[in-house]
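Coordinate analysis (summary)
If you want the building blocks of each chain, they are given just below.
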Amino acid sequence: MSSKQAPPPLPEPLRVPVTDSHTHLDMQDGTVEEGLRKAASVGVTTVIQVGCDLKGSRWAAETAAAYENVHAAVALHPNEAPRIVHGDADGWSRQGAREGGGDTALDDALAEIDRLAALPQVRAVGETGLDYFRTGPEGVAAQERSFRAHIEIAKRHGKALVIHDRDAHADVLRILTEEGAPERTVFHCYSGDAKMAEVCAAAGYYMSFAGNVTFKNAQPLRDALTIAPLELVLVETDAPFLTPAPYRGRPNAPYLIPVTLRAMAEVRGIGEDAMAEAIAGNTARAFGY
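Please read all numbers here as calculations on a predicted model, not as lab measurements.

Rules behind the numbers
Along each chain, the written sequence defines residue order, and numbers are assigned to residues from 1. Side-chain atom pairs in this predicted model are given and counted only at pLDDT of 80 or more, local residue features only at pLDDT of at least 70, and totals for whole chains, interfaces and linings cover all residues. Derived side-chain values reflect all non-hydrogen atoms in the structure, with water molecules and hydrogen atoms excluded from consideration. Where helices and strands are cited, they refer to DSSP runs of H or I of at least four residues and of E of at least two residues respectively, numbered from the N terminus. Partly exposed residues are those whose accessible area sits between 20% and 50% of the maximum for their type, while under 20% is buried and over 50% is exposed, using a 1.4 Å probe and protein chains only. In this text, buried Ala, Val, Leu, Ile, Met, Phe, Trp, Tyr and Cys residues form a nonpolar core when linked through side-chain atoms within 4.5 Å. The contact rule is simple, with two residues in contact once any of their heavy atoms fall within 4.5 Å. Look down the strands so they point away from you; if going from the first strand over the helix to the second traces a clockwise path, that crossover is right-handed. When DSSP locates at least two bridges between a pair of strands, those strands are taken to pair.

Moving on to unusual backbone geometry. A cis amide bond links glycine 126 with the next residue in sequence, glutamate 127, at an omega value of 15 degrees. Take glutamate 127: it is sitting in strand 6 (residues 122-131). In this structure, the amide linkage connecting alanine 245 to the following residue, proline 246, adopts the cis form with an omega of 5 degrees. Checked against the element boundaries, proline 246 lands in the loop between strand 10 (233-235) and helix 9 (257-268). With phi around 55 degrees, aspartate 167 is a residue other than glycine that occupies positive phi space. Here aspartate 167 is to be found in the loop between strand 7 (160-166) and helix 6 (169-179). Unusually for a residue other than glycine, cysteine 189 sits at a positive phi of about 45 degrees. In this structure, cysteine 189 sits in the loop between strand 8 (185-187) and helix 7 (194-203).

Here it is, written out as structure tokens:
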């Protein structure tokens, strides 16, 4: 295994335990037990396991039922909705190549998300939202219909809403306003600037920061973190993606949360323990556990 693929070393443990607010254990190497054990050894004692399609959402719900320190979020990812409606000829998603099933297929998939969202171990509906980076204009209608449906499901079940917003800030904020956001709304892998952080803060939306807040070119993210009210800040890995510096490009996992959290504390000019305490309380409040 080259150093590029090698898992980064264990960071110094946190003194105050925290939660990884967004991870994909089903896409990481090793068993769930190993991942959770490694995370707990450095003070990351709880994880939110996030589904991106029907298969992943079912898996998230089952895993959360089996492990006390795993909570689930279930949804169709914004890029999944257009694939269900229009098909996925190149088989880009984990489902392989698919024929388009039209609006009926999307309705059926949303009904299954609705069913899963009712389960007690499912704490959130997400990740849902809009992604204009990977899906072109032809997929926008399906994404938007799916997003609006997820907002309704989250509100009806009293669950948090976890948002994936890529290159779509204005439309995501507009739809949240039009539909009325759930009481607890989390911008996962927050990607807006300081100005958007002010809008989110005014609305009471949580902002979850991932490893990319440590990247050299991420000054706008650090500016946003400076502005975000401390009681609305969360931390996540989005593992196996977005591994924090200096390990960028290597596989990410929940045990690397301390690296990102320490960088965040530095940006805010507060102690690591104060940052961890705030984040631990915020995550429990955001996800209602």
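Once the structure has been displayed, the description carries forward.
What follows deals with the side chain of serine 21. Counting through the fold element by element, serine 21 comes out in strand 1 (residues 18-23). Classification of serine 21 as buried rests on a relative accessible area of 3%.

With 70 residues, the main nonpolar core has Phe147, Leu176, Phe187, Tyr190 and Met264 as its most contacted residues. Ranked by residues supplied to this core, first place goes to helix 4 (residues 102-117) with six residues. With residues near it in sequence (within four places) discarded, tyrosine 190 still touches Met196, Ala197, Cys200, Met207, Ser208, Phe209, Leu221 and Ala224. In this structure, Ala160, Val162, Val186 and Tyr206 belong to the second largest nonpolar core, which totals 12 residues.

Okay, the pairing of strand 3 (residues 70-74) next. With respect to burial, strand 3 is a largely interior element, five of its five residues being buried. Residues of strand 3 alternate between two faces, with Val70, Ala72 and Val74 on one and His71 and Ala73 on the opposite face, all of them buried. Taking the sense of rotation as the criterion, the β-α-β connection linking strand 2 (residues 44-50), helix 2 (residues 54-66) and strand 3 turns out right-handed. As defined by bridge partners, strand 3 adjoins strand 6 across three bridges and the pair is classed as parallel. Its bridge partner being in strand 6, alanine 73 is matched across the sheet by alanine 124.

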